[in-house]
Amino acid sequence: RCWNRDGLIMAIERKLLGVNPSGGDKANVADVFSTYLYDGVASGQMYVQNGIDYAADGGMLWIKSRGAVYDNFLFSTENTSANHYLRSNTTGAEDSTSLSATWESDGFKLNANNGMSYNGATYGTPYVSWGFKKAPKFFDVVTYTGNGTAGREIAHGLDGPVGMMIVKRTDSAGEWYVQHKDVAPNKELALQSNSGLPTSTTNSTFNNTAAISSVFTLGNGGGTNATGGTYVAYLFADNTAEDADDQMIKCGSYTGSSSDVTVNLGWEPQFVITKATSGTRDWVIHDSMRSMSHSNSTLLDANNSGAEEAKSYAQIKPTASGMDVAFGNAASNGGSGTYIYMAIRAPMMKEPD
């Protein structure tokens, strides 16, 4: 086993997540999401036990080098095979390598990667992995083949409202199309780009139809539904309508201000992605394992290959009931404009036994 300090802390947290004393089977975010920090190994295989049962339930693994300039690597149990991946900061097609991930009942294994993209020891390169498990009312990943028919519906397993959906063509180059519940369904953002919403509208991507609890709808455009094209869709739920104890994830928006903006989630977040819907702003990834506060934050971008940036100025600060977004960083709160977010709840949703 390859434990670091943060991994050990997370393992202890999971051990504390015992049976709910009230007898109910409340949702437990630690079973479906994990941020795990690790350092690459010089040779051999690394076994990362992040508590996600990929073997039985499936899901997605997102890896980013923290200490060097390397792409964002997205592996999925639904990919062509375990050694296939996509990169969120490029438009490239699904790629493959013999040095990649295998799925386990409590995490994943990584073979040594000489290029240090996701498991290399040169210069002690640190990495972060975000693990998403397929689970109702949290996350799902679906693959399909396009047929060029507008209005086509694709089934998914969220069994509840869809907060955000990301679709990428895998057999050829193309944009990452993002549909968010607080953005009109005839406009979409691009995950690989820092651009805001387009000025024009289109029905060719999602047929001007918002995703619902059982299906999402496609247009006839090549980006999401070309005849014979292969695609992957990542779906993130929005738990706003769930009981407070059952909420694990929320998607929403806020308006920038020249002072701090308070976003009420009803709980403390551990992972947040933010994006301005106008202007040239990055998709910023915040998580509490790498520090998330106003005074000391370390940032990575879904649309950039850059190394982790340590910031001493305003960022997102988790609170017991949500997050405070401080004025000063245009990527999260530049003083005006609309920002969308996807936030995942911190662990310890069940009372320890």
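Details of the structure are given in the entry above.
Residues numbered from 1 in each chain as written. Predicted model: local features only at pLDDT ≥ 70, side-chain atom pairs only at ≥ 80, totals over all residues. Heavy atoms only, no water.

**Q** Teacher, can you tell me more about the overall build of the chain here?
**A** Each helix and strand in the chain was counted, giving four helices and 25 strands. Looking at the chain alone, contacts between residues at least 24 apart form 64% of all its contacts between residues at least 6 apart. (Helix = DSSP H or I, 4+ residues; strand = E, 2+ residues; numbered from the N terminus. Contact = heavy atoms within 4.5 Å.)

**Q** Would you mind showing me how to read the packing of aromatic side chains here?
**A** In this description, an aromatic ring pair is defined by two values, namely the gap between the centres and the angle between the planes. This model, assessed by the stated rule, comprises 19 aromatic pairs. Site record: aromatic cluster; members linked through ring pairs are Phe 33, Trp 62, Trp 130, Phe 132, Phe 138, Phe 139, Phe 236 and Phe 271. Lys 109 extends its terminal NZ or CZ atom over the ring of Tyr 47, reaching a point 5.0 Å from the ring centre. (Phe/Tyr/Trp six-rings, centres within 6.5 Å; stacked < 30°, edge-to-face > 60°. Lys NZ or Arg CZ within 6 Å of the ring centre and 35° of its normal.)

**Q** How should unusual backbone geometry be read in this particular structure?
**A** What you tend to see is this: most non-glycine residues have negative phi, and most peptide bonds are trans. The backbone of Lys 137 sits at a positive phi, close to 65°, despite the residue not being glycine. One non-glycine residue with positive phi stands out, namely Ser 291, at about 95°. Examined against the element boundaries, Ser 291 turns out to sit in the loop between strand E20 (284-287) and strand E21 (297-301). Among the residues examined, Ser 291 registers a relative accessible area of 22% and is labelled partly exposed. (Buried < 20%, exposed > 50% of the residue type's maximum accessible area, 1.4 Å probe, protein only.)

**Q** In this structure, what is going on with the sheet that holds strand E10 (residues 139-145)? I would like to understand it.
**A** Within a sheet, each strand pairs with its neighbour through backbone hydrogen bonds, oriented either parallel or antiparallel. The five strands are arranged E10-E16-E12-E13-E14 in an open sheet whose pairing can be described as antiparallel. The open sheet has two free edges, formed respectively by E10 and strand E14 (189-190), since each of these has just one partner strand. Bridging between E10 and strand E16 (residues 230-237) involves seven bridges; their strand directions are antiparallel. The residue of E16 that forms the bridge with Thr 145 is Thr 230. (Pairing = 2+ DSSP bridges.)

**Q** Which parts of the structure should I look at to understand the sheet that holds strand E1 (residues 33-39)?
**A** Overall, antiparallel pairing links the six strands, which are arranged E1-E9-E3-E4-E5-E6 in an open sheet. Of all strands in the sheet, those with a lone pairing partner are E1 and strand E6 (95-96), marking the two edges. Here strand E3 (residues 59-65) runs beside strand E4 (residues 72-76); their pairing, made up of five bridges, is antiparallel. Its bridge partner lying in E4, Leu 61 is registered against Phe 75.

What is shown is where atoms sit, not what they do.
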